[in-house]
Amino acid sequence: MPVDPFLQAFLSTFPPSPEVIEDYDAYRAASEAGAEVLADQVINPGPEVMSRRAVSLPVAGGTIDLLVYVPFTLGPHAAHLFLHGGGWMAGTIHQKFIDAVCRERCVGADCVVVAVNYRKAPEHKFPIPLNDCAAALDWVVANASELNINSSCITISGQSAGANLAAALTLKTRDEGGPRLAFQVLEVPPTDLTKGHLRYECASGYGLSLKDAELCVGAYLRSPEDASNPYASPLLAPDLSGLPPALILTSEYDILRDDGEAYATRLKAEGVPVTYAMYEGHIHGSSAFTKVIASAHAWQGQVIAALLAVHQGCQVVQVPIGS
């Protein structure tokens with residue numbers, strides 16, 4: 001089908017991609033300001049949660065921020081680790097877009113959500129953002145009692161660059177005997193940073209361009225050789241067996257569409273249960289536009305339903321507080 005009518009109008013106002021980024025702090029500030037203005041126009045605010053608190057987590061060489069969302073039910077709860085997008089070099093858990101998603105998943109999927117503000121490239125290149133996410137997962141497990149969660153029921157999701165990190169983290173925990181994850185949700189994931197699976201017919205004119213992708217990957221990786229590392233390009237891992245079941249969602253007009261589809265195909269071939277869906281008419285990131293695109297609401301609903309099914313499968317029945 002054609003690009004969604006709202007997105008057609010939106011793309012006509014899309015600013016050109018920068019050739020280079022000389023001041024990353026200024027670039028991030030401008031991106032975040034633009035995202036906040038856009039959020040007011042295109043997203044439905046998330047529901048109320050029982051609590052939302054910030055945590056400062058020491059990691060190797062610095063600290064990262066976490067936001068912890070707790071639902072209005074008795075625990076122990078499932079836990080859900082959420083990794084935001086932004087091309088590894090931008091984005092933050094403090095944006096309205098991310099807050100809405102975390103609130104929806106906290107309430108809709110009845111879980112404690114932990115959003116991770118991993119450090120950004122190019123100041124912090126691969127594998128630092130991945131290691132930050134691993135440290136956050138370890139923190140969740142180590143603090144299971146205080147968080148009132150069932151540490152045997154932890155799911156993970158990521159969007160765009162965050163989906164790359166989520167897929168890589170499932171590999172890393174499997175390989176290193178780390179905390180076992182019950183489920184993974186990968187939304188518009190880049191899974192092959194060698195560019196071997198890009199959908200070149202969507203290389204320009206649909207928001208995320210080939211130039212953008214190259215800029216992001218160049219900022220994230222230490223050298224071109226890193227692109228072949230499975231923790232940077234999960235699709236290139238020699239073995240994907242033993243990973244958690246997955247829900248992988250892609251957009252029809254996204255340069256990363258084939259990355260997601262190829263990863264779903266490989267997981268399924270190696271015995272990992274996978275649900276794959278490609279949303280027609282969408283571009284990269286438009287799944288957040290729940291106020292103005294009905295299928296974006298359906299996209300988010302599919303994620304929440306999948307997470308809730310997993311969480312209910314490994315949790316006792318929850319009782320609303322005060323009932």
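Scroll up for the structure.
A brief look at the structure comes next.

This next bit is on the overall build of the protein. The helix and strand inventory of the protein stands at nine helices and eight strands. Its C-alpha atoms give the protein a radius of gyration of 18 Å, within 12% of the compact-globule value 20 Å for 323 residues. Seen along its three principal axes, the alpha-carbon backbone of the protein occupies a region of about 55 × 40 × 40 Å. When burial is assessed residue by residue, the protein has 55% of its 323 residues classed as buried.

What follows deals with the pairing of strand β2 (residues 62-70). Relative to β2, strand β1 (residues 51-59) runs antiparallel, the two being bridged by nine bridges. Across the sheet, the residue bridging to valine 59 is glycine 62, located in β2. With five bridges joining them, β2 and strand β4 (residues 111-117) adopt antiparallel strand pairing. The residue bridging leucine 67 from the neighbouring strand is alanine 115, located in β4.

Let us look at helix α8 (residues 257-269). Spanning 13 residues, α8 covers 19 Å between terminal C-alpha atoms, matching the ideal 18 Å at 1.5 Å per step. Within α8 the residues assigned to the buried category are Arg257, Asp259, Gly260, Ala262, Tyr263, Ala264 and Leu267. Residues of α8 that are buried make contact with α6 (161-176), β6 (183-187), β7 (246-253) and β8 (274-283). Residue glycine 271 follows α8 closely and has a positive phi angle near 90 degrees.

For the rest of this paragraph, the subject is the state of the cysteines. For the structure on display, the rule yields one disulfide. Each sulfur in the disulfide pair cysteine 153 and cysteine 314 lies 1.9 Å from the other. Taken together, the residues cysteine 153 in strand β5 (residues 149-159) and cysteine 314 in the segment after α9 (294-313) connect sequence positions 161 residues apart. For the unlinked cysteine cysteine 202, the closest cysteine sulfur is that of cysteine 216, found at 17 Å. Not part of a disulfide, cysteine 216 finds its nearest cysteine sulfur in cysteine 133, a span of 16 Å. Residue class for cysteine 216 comes out buried when judged on its relative accessible area of 13%.

Applying the stated rule across the entire model yields seven aromatic pairs. Its guanidinium or amino end placed over the ring of tyrosine 118, lysine 120 lies 4.5 Å from that ring's centre, counting from NZ or CZ.

Definitions and cut-offs
Numbering of residues starts from 1 in each chain and follows the order in which that chain's sequence is written. Only residues with pLDDT of 70 or above have their local features reported here, since the model is predicted, and side-chain atom pairs are shown and tallied only from 80 upward, although totals for entire chains, interfaces and linings are computed over all residues. Each side-chain value is derived from all of the structure's non-hydrogen atoms; neither hydrogens nor water enter the calculation. Only runs of H or I of at least four residues qualify as helices and only runs of E of at least two qualify as strands under DSSP, and these elements are numbered from the N terminus. Throughout, radius of gyration means the C-alpha value; the globule benchmark is 2.2 Å times the number of residues raised to the power 0.38. Using a 1.4 Å probe on the protein chains alone, a residue whose accessible area is under 20% of its type maximum counts as buried, one over 50% counts as exposed, and one in between counts as partly exposed. Any two strands are treated as partners once DSSP identifies two or more bridges connecting them. Under the convention used throughout, the expected extent of a helix is 1.5 Å for every residue step, that is, one less than its residue count. Between two residues, a contact is recorded if the distance between any of their heavy atoms is within 4.5 Å. By definition, disulfides here are pairs of cysteine sulfur atoms that lie within 2.5 Å. Ring geometry is summarised as follows: Phe, Tyr and Trp rings, the Trp one being its six-membered ring, pair when their centres sit within 6.5 Å, and such pairs are stacked at plane angles under 30 degrees, edge-to-face over 60 and tilted between the two. Only when the NZ atom of a Lys or the CZ atom of an Arg is both within 6 Å of the ring centre and within 35 degrees of the ring normal do we say a charge sits over the ring.

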